[in-house]
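Here is how the chains run, residue by residue.
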Amino acid sequence: MSVKQEDILEALKSVMDPDLNKDIVSLGFIKDMVIEGSKVGFTLELTTPACPMKAQLEKGARDAALSVEGVDTVDINMTSSVKGGGMKGPKIEDLVPSVKNVLAIASGKGGVGKSTVSVNLAVAMAMEGAKVGLLDLDIYGPSIPMMMGIKGQPKNENGKMVPLESHGVKMMSLGFLIPDDKPLIWRGPMVMSAVEQLLKDVAWGDLDYLFIDLPPGTGDAQLSLTQKTTLTGAVVVTTPQDVALLDATKGLAMFKKVNVDVLGIIENMSFYLCPHCGERSEIFSHGGGKKASEREEVPFLGEIPINVKIREGGDSGQPLVVGEPEGEPAKRFRDIARTLAARISIQTYRN
C-alpha cells in the first residue's frame with residue numbers, strides 16, 4: 001500500500017498549536033513534504049525559533065504521521081519564519097521597515113533593572129536562533145555597551161552606522177558615540193532628534209526582533225518612539241513594591257493612550273534565595289507585578305529573583321543567560337523570552 005500525501009496531511013490536522021488554536025496544516029506550518037516508500041519527510045515551520053511549544057509540536061507531528069498506515073519513518077526539519085506584528089491603527093512613520101517586530105522595554109521609574117532585563121531577553125532570543133537587535137535609547141544613562149561587554153565606534157557604510165555585535169545581538173547606543181565622562185545636557189528636541197537618528201541612520205538589516213531599552217518614565221524618548229516606528233508592543237518592567245507599581249501603572253496607561261499593545265509585565269527583584277541556606281526573602285514585597293497585570297488586564301510574563309550573578313554579569317559584560325545558562329535565573333529569562341515570542345505570534349495572527 002502506497003502512502004499518500006493527503007493521508008499524512010489529514011493525520012497532521014489533529015496536531016493543534018495551543019497558542020493560535022488552529023491545527024498546523026491550516027496554519028500552513030507543513031511544507032516541502034517528500035514521501036519515499038515508508039519514509040516521510042517534511043518541514044515544520046513555526047512562527048518563531050523561540051516557540052515554547054516547539055518540542056511538543058514536533059512530537060505531535062511525528063506521532064501523527066507515524067499513525068498513518070504504511071509509514072515507518074518520519075524525518076522532520078524544524079524551522080521558523082517570524083512575521084511582523086505591528087500595532088493597530090495607522091502608522092505615523094516607520095524608520096525601521098526591515099525590522100519585523102519592534103519591542104519597547106519600559107519602566108515607570110529608574111532602578112528596577114529594565115536594562116538588565118532588556119539585555120538578557122535579547123541575548124536569550126538570539127540563543128534560540130532569532131535575528132535580534134538591541135537599541136539603547138536610555139539617552140542620559142546608556143548602560144547597554146557595558147552590560148554587553150563591548151566598546152568601540154560604529155563604522156559608517158553608505159551613509160549609515162553599522163551596529164556593533166556581541167553575544168549574537170546587533171547593538172547601537174549613544175554610549176558608542178559619546179565619551180563615558182561626558183554628560184548629556186539635552187532638551188526635548190535634541191532627545192527626539194537622537195531617537196530618530198538611532199532608528200533611521202543605523203543599518204539594522206533584516207531582524208526578527210529589535211529590543212529597545214527606553215529611559216525610565218513617560219517622556220520625550222517614549223513619545224518619539226511611538227511616532228517614528230511601528231511598535232509591535234511594549235513590555236513593562238517593575239519591582240514588587242507599591243511605589244514602583246504606581247509608576248509602572250502610569251507607563252501602562254501611556255502606551256494604551258497612544259494605541260500600543262502592552263505585551264506583558266515582568267516583576268524583577270521578585271524575591272531573594274539565600275545561596276547558603278535556601279531561605280526565601282521577599283525584600284521588596286512580592287506579587288505586585290502579577291496583581292497589577294490582573295488589574296490592568298495585561299499578561300504577566302514572569303518573575304526574576306534578586307541574584308548576585310545577575311549583577312556580576314551586567315558588570316562584566318557577560319549577561320547571565322550566557323555566563324550561567326543552567327542556573328535558575330537564566331532559565332527564568334529564557335522562559336520569559338519564549339513566552340514573549342509566543343505573545344508576539346498570537347498578536348501577529350490576530351492583526
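Along each chain, residue indices are assigned from 1 in the same order as the chain's sequence is written. Totals for whole chains, interfaces and linings use all residues, but because this is a predicted model, local features are given only for residues with pLDDT of at least 70 and pairs of side-chain atoms are given and counted only at 80 or more. Hydrogens are left out, water is left out, and the side-chain values use all remaining heavy atoms of the structure.

(A) Fine view of the pairing of strand β5 (residues 73-80). By definition, two strands form a pair when at least two bridges between them are found by DSSP. Helix and strand definitions here come from DSSP, where helices need a minimum of 4 consecutive H or I residues and strands a minimum of 2 consecutive E residues; each element is numbered from the N-terminal end. The pairing of strand β4 (residues 39-46) with β5 spans eight bridges and is parallel. Bridge pairing in β5 links leucine 44 to methionine 78. Running through helix α2 (residues 54-66), the crossover from β4 to the neighbouring parallel element β5 is right-handed. By convention, orient the strands away from the viewer: a clockwise path from the first strand over the helix to the second makes the crossover right-handed.

(B) Structural detail: the packing of helix α3 (residues 114-127) against helix α11 (residues 328-350). It is the contact of α3 with α11, at a shortest axis distance of 9 Å, that shows an interaxial angle of 75°. Classed by the angle they form, the pair α3 and α11 counts as roughly perpendicular. Judged by residue contacts, Val117, Asn120, Leu121, Ala124 and Met125 of α3 engage Phe333, Arg334, Ile336, Ala337, Leu340 and Ala341 from α11. Amino acid classes used here: Ala, Val, Leu, Ile, Met, Phe, Trp, Tyr, Cys and Pro are nonpolar; Asp, Glu, Lys and Arg are charged; the rest, including Gly, are polar. In terms of residue class, the contact of α3 with α11 is built from nine nonpolar, one polar and one charged. To get an axis, a line is fitted to the C-alpha atoms, and for a helix only the part in contact is used. The angle between two axes follows their N-to-C directions and goes from 0 to 180 degrees. The cut-offs work like this: below 35 degrees is roughly parallel, past 145 is roughly antiparallel, 65 to 115 is roughly perpendicular, and the gaps in between are oblique. What makes two residues a contact is simply this: any of their non-hydrogen atoms within 4.5 Å.

(C) View of the pattern of salt bridges. In the sections that follow, a salt bridge refers to a side-chain nitrogen of Lys or Arg positioned within 4 Å of a carboxyl oxygen of Asp or Glu. This structure, assessed with the given rule, holds 18 salt bridges. When the shortest N-O distance is used, the salt bridge between lysine 114 and aspartate 138 registers 4.0 Å. Of this pair, lysine 114 sits in helix α3 while aspartate 138 sits in the loop between β7 (132-136) and α4 (144-147), placing them 24 residues apart in sequence. A relative accessible area of 13% means that aspartate 138 is categorised as buried. Across the salt bridge formed by aspartate 315 and arginine 311, the nearest N and O atoms sit 3.0 Å from each other. Here aspartate 315 pairs with arginine 311, and both are found in helix α9 (residues 308-316), just four residues apart, close to one helical turn. Partly exposed residues are those whose accessible area sits between 20% and 50% of the maximum for their type, while under 20% is buried and over 50% is exposed, using a 1.4 Å probe and protein chains only. In this structure arginine 311 comes out as partly exposed when scored by relative accessible area, which is 48%. Within the structure, one salt-bridge network assembled from shared partners comprises Lys114, Asp138 and Asp213.

Bear in mind that shape data such as this cannot, by itself, settle questions of function.
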